[in-house]
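Each chain, letter by letter, is given below.
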Amino acid sequence: MDGEPAPLRVAGAVRVAGAVLVGGTSSRMGVDKSTLEVDGIAMGARVAAALVAAGCEPVVAVGGPPSRGERLGLVVVTDRWPGEGPLGAIVTALERAGAEGADAVLVAACDLPWLDAATLEALIEQYRERAATVDVVVARSDRLEPLCAIWACGMADPLRRRFDAGERAVHRALTALVIATVDVDRRSVVNVNTRADLSAAGLQVDPSNG
């Protein structure tokens, strides 16, 4: 029926949506990271493709102008708190997906060029197995990677309360939640902030847009 949200794919017993965080200023890169083409593919599109391949549906972009999503082939959800960091964008994603019937949202930053479906599938599987007892499943390399995590949509309210109280750090917001972790290959969650990071990752910037 017109106006109804698209059905969500079932990942086990959990309905999982996906969100690519694209609202950052990319100040250290000098150009928008999400639409910067490396090895011929925009970084945000790389992350979105991994989310789709892992079974997330729908996959949206959160933050930035609508034109950013158009370049990535994604619907852009307006961040309720633009310029306030990723925690507000995560709350925005959870509220949107919960209203559309999802149980959880797999959230990933746009600057993870080596993120792959297998890594995300491991997060989904862990969440599916422990959905009754955990609030969020976070990727862990040599550290926690809270911008690659699957969050229960029910966490929108407690996270928003932390945000309204002045919290802006995602890692500190996690301390009030029940978390589980999945060990992942460090390479899969390497983020890039500068041209030097791209070179270190073995990626080549398309000279026409970089």
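Now for a quick tour of the structure. (Residues numbered from 1 in each chain as written. Predicted model: local features only at pLDDT ≥ 70, side-chain atom pairs only at ≥ 80, totals over all residues. Heavy atoms only, no water.)

### Overview of helix α1 (residues 43–53)
So, step 1. Taken residue by residue, α1 has Met 43, Gly 44, Arg 46, Val 47, Ala 48, Ala 50 and Leu 51 as its buried positions.
So, step 2. Phi turns positive one or two residues past the end of α1, at Gly 55, with a value near 105°. (Buried < 20%, exposed > 50% of the residue type's maximum accessible area, 1.4 Å probe, protein only. Helix = DSSP H or I, 4+ residues; strand = E, 2+ residues; numbered from the N terminus.)

### Quick look at the environment of Leu 123
So, step 1. Relative to the assigned elements, Leu 123 resides in helix α4 (residues 117–130).
So, step 2. Once the C-alpha coordinates of Leu 123 and Asp 183 are considered, the two residues, 60 residues apart in sequence, prove to be 9.3 Å apart.
So, step 3. Other than its neighbours up to four places away in sequence, Leu 123 contacts Leu 106, Val 137, Val 138, Ala 139, Cys 148, Ala 149, Ile 150 and Val 182. (Contact = heavy atoms within 4.5 Å.)

### Focus: the packing of helix α3 (residues 86–99) against helix α5 (residues 156–164)
So, step 1. Running from N to C, α3 and α5 cross one another at 150°; their axes reach a closest spacing of 9 Å. Here α5 runs roughly antiparallel to α3, going by the angle between their axes. The crossing of α3 and α5 is left-handed. Of the residues in α5, those touching α3 at Leu 87, Gly 88, Ile 90, Val 91, Leu 94 and Glu 95 are Ala 156, Leu 159, Arg 160 and Phe 163.
So, step 2. Residues belonging to the contact of α3 with α5 are distributed by class as follows: seven nonpolar, one polar and two charged. (Axes fitted to C-alpha atoms, helices over the stretch in contact; angles between N-to-C directions. Parallel < 35°, antiparallel > 145°, perpendicular 65-115°, else oblique. Left-handed = near helix turned anticlockwise from the far one by under 90°. Nonpolar A, V, L, I, M, F, W, Y, C, P; charged D, E, K, R; others polar.)

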